[in-house]
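Per-entry structural report
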Amino acid sequence: MTRPHHDNVDHAEIAKFDALASRWWDREGEFKPLHDINPLRLGYIDGHVSLAGKRVIDVGCGGGILSEAMAQRGANVTGIDLGEAPLAVARLHQMESGVEVDYRHISVEALAEEAPASFDVVTCLEMLEHVPDPGSVIRACAKLVKPGGHLFFSTINRNPKAYAFAILGAEYVLGLLPRGTHEYRKFIRPSELSAWCREQGLRLQDQTGLTYNPVTRRYRLTASDVSVNYMVHACPEWQGPATETA
């Protein structure tokens, strides 16, 4: 059953990120992994759509790391989140950086009702595994995109390797993330994400993995490995060929 949009929020998740909000822009703090992967995420998106001049909505923008980066590439960016503290941090950082982003405290479902077919590009990264109903988010994202537009999602695969790497490794062994950041049951297989996209008239155009080398402490895009973290590029299904998912 699909939840009404006002109920598609995990308040414990919001509280978790609210508590860490003041450290969002600390490149050596709890959000270091987001800072480290942001150039890869940005390059992947910009490489597929050329952000300059595009109207972009960043769903689940948090403290604005990706939102600001896309605006710096010339996009007209709106960032939305249900966490008040991260949005406050995003607005404060914007005052320091001078990068123009329109930040709003609103759910993606509510914005989809307010402004359907309004954005050239929709990004929803590292958010789907933190909400009760990911399918509702994808449906709203599909409603927000203009005809001929592009959508980008990222999340974490659900399998034993992902549990070992994303939770045991990242949170308990390497300390890359605070303990309790992720819940294994909320991880999403590529086949599930693909099915939700198809239900909303979207077709996957590309997918790639984000892999981490604990020796070099570097991330890289690895198209052949979506076993843990992965990103996908989707469009309305009449646009181009599909990419098979693993």
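Anything mentioned here points back to the structure above.
Computed from a prediction, not measured in an experiment: that's the story for all the values here.

Focus on the pairing of strand 8 (residues 229-236)
Buried residues dominate strand 8, accounting for 7 of its 8 residues. Taken together, the 6 bridges between strand 5 (residues 145-156) and strand 8 define a ladder with antiparallel strand orientation. The residue of strand 8 that forms the bridge with I156 is N229. The pairing of strand 6 (residues 202-213) with strand 8 spans 8 bridges and is antiparallel. In the sheet register, D206 faces strand 8, and the bridge partner there is H233.

A few points about the packing of aromatic side chains
Within the structure shown, the criterion is met by 5 aromatic pairs. Ring centres of Y163 and Y184 lie 5.5 Å apart, and the angle between their planes is 85 degrees; this geometry places the pair in the edge-to-face category. Here the residue Y163 occupies a position in helix 7 (residues 160-173), and Y184 occupies one in the loop between helix 7 and helix 8 (190-199), the gap between them amounting to 21 residues. Here Y163 falls in the partly exposed class, since its relative accessible area comes to 35%. Seen in terms of ring centroids, Y184 and F187 are 5.8 Å apart; in terms of plane orientation they differ by 70 degrees. Their pairing is edge-to-face. Residue classification places Y184 among the partly exposed positions, given a relative accessible area of 30%. Through a chain of ring-to-ring contacts, three or more aromatic side chains come together here, namely Y163, Y184 and F187.

Rules and cut-offs
- Residues numbered from 1 in each chain as written.
- Predicted model: local features only at pLDDT ≥ 70, side-chain atom pairs only at ≥ 80, totals over all residues.
- Heavy atoms only, no water.
- Buried < 20%, exposed > 50% of the residue type's maximum accessible area, 1.4 Å probe, protein only.
- Helix = DSSP H or I, 4+ residues; strand = E, 2+ residues; numbered from the N terminus.
- Pairing = 2+ DSSP bridges.
- Phe/Tyr/Trp six-rings, centres within 6.5 Å; stacked < 30°, edge-to-face > 60°.

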